[in-house]
Amino acid sequence: MGIHLMPPLFELVIRPKPTVTFNAIAAANLSYQRYGADYPDVHNGAGMESNAVAHIRQIKNINNIYDVFRYPGGWDTSSIGSGSLIQSAHMRCRLQGKDTSDGHDNLIIVSGAGLVFGIADYLTLLSAVTSFGSINTADLPAVGEYFNIPLNSLGLAAINKTGTTLLGLRMGRDISATPPAGTDLRIWVYLYGFPTLEIAY
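Residues numbered from 1 in each chain as written. Predicted model: local features only at pLDDT ≥ 70, side-chain atom pairs only at ≥ 80, totals over all residues. Heavy atoms only, no water.

The next thing to look at is the pattern of salt bridges. Scanning all chains against the criterion turns up seven salt bridges. Across the pair Arg34 and Asp41 runs a salt bridge, and its minimum N-O distance is 2.9 Å. Judged by its relative accessible area of 15%, Arg34 is buried. A salt bridge links Arg92 to Glu198; the nearest nitrogen and oxygen atoms lie 3.9 Å apart. Note that Arg92 is positioned in strand E6 (residues 88-99) and Glu198 in strand E12 (residues 196-200), a separation of 106 residues in sequence. The class of Glu198 is buried, set by a relative accessible area of 16%. One network of salt bridges, with partners in common, ties together Arg70, Arg170 and Asp174. (Salt bridge = Lys/Arg side-chain N within 4 Å of Asp/Glu carboxyl O. Buried < 20%, exposed > 50% of the residue type's maximum accessible area, 1.4 Å probe, protein only. Helix = DSSP H or I, 4+ residues; strand = E, 2+ residues; numbered from the N terminus.)

Structural data, given as structure tokens:
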């Protein structure tokens, strides 16, 4: 007498969690800069101007003026809820322009702790030096295309599941306080609009 195997009564299917997109809050619509002839003063001083673009850069122009931009970002992620488990997340950006005449560098997500979405954020981001995720400018797509910056474990832990997630963007050489190598050299990334956060939970 043969043995007949019964088909399973049910099949366990594990589906990946959908990714939810969070747009930047209205206040996170500026980047902040400081410029001048003395690099340590530009790097370490208070912000001077705001710009209604997501611009992250460090340059030295033909007039030997240094110019540094930092971007403070915020996203209302309160709908995630305290009981949710975050699986992965990335910052999604659309490239409007870039210049790597000073060589390639990392575009780095940093902590946004203490951001107030004002000119003071330029200086607040000075102390944010730990990477929460990064992408090298050599890996950026063509102008007009989208790219993702994955959040690492520190970045995932910084997501506020019951409030506003605060993160910043800085160039790696801004973080290391490394001035441009020469005159009319720049490293910058310019985005269309402002980054979104895409989170799977």
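Next comes the rest of the write-up.
Met91, Leu107, Phe147 and Ile149 are the most contacted members of the largest nonpolar core, which has 30 residues in total. Listing elements by their share of this core, those giving two or more residues are strand E4 (54-60), strand E5 (66-76), E6, strand E7 (106-111), strand E9 (146-150), strand E10 (164-171), strand E11 (185-191) and E12. Among the elements that make up this core, the one with the highest residue count is E6 (four residues). Excluding anything up to four places from it in sequence, Ile149 contacts His90, Met91, Cys93, Leu107, Ile109, Gly133, Ser134, Ile135 and Leu169. (Core = buried A, V, L, I, M, F, W, Y, C linked by side-chain atoms within 4.5 Å. Contact = heavy atoms within 4.5 Å.)

Take the packing of aromatic side chains next. Where two aromatic rings form a pair, the distance of their centres and the angle of their planes describe that pair. In this structure the tally under the stated criterion is three aromatic pairs. Note on Tyr71 and Phe194: the rings are 5.8 Å apart at their centroids and 25 degrees apart in plane angle, and the pair reads as stacked. With Tyr71 in strand E5 and Phe194 in the loop between E11 and E12, this pair connects stretches of sequence that are 123 residues apart. By relative accessible area, which is 25% here, Phe194 ends up partly exposed. Here the basic side chain of Arg70 rests over the ring of Tyr122, its NZ or CZ set 4.0 Å away from the ring centre. The positively charged end of Arg94 is found above the aromatic ring belonging to Tyr192, 4.4 Å away from the centroid. (Phe/Tyr/Trp six-rings, centres within 6.5 Å; stacked < 30°, edge-to-face > 60°. Lys NZ or Arg CZ within 6 Å of the ring centre and 35° of its normal.)

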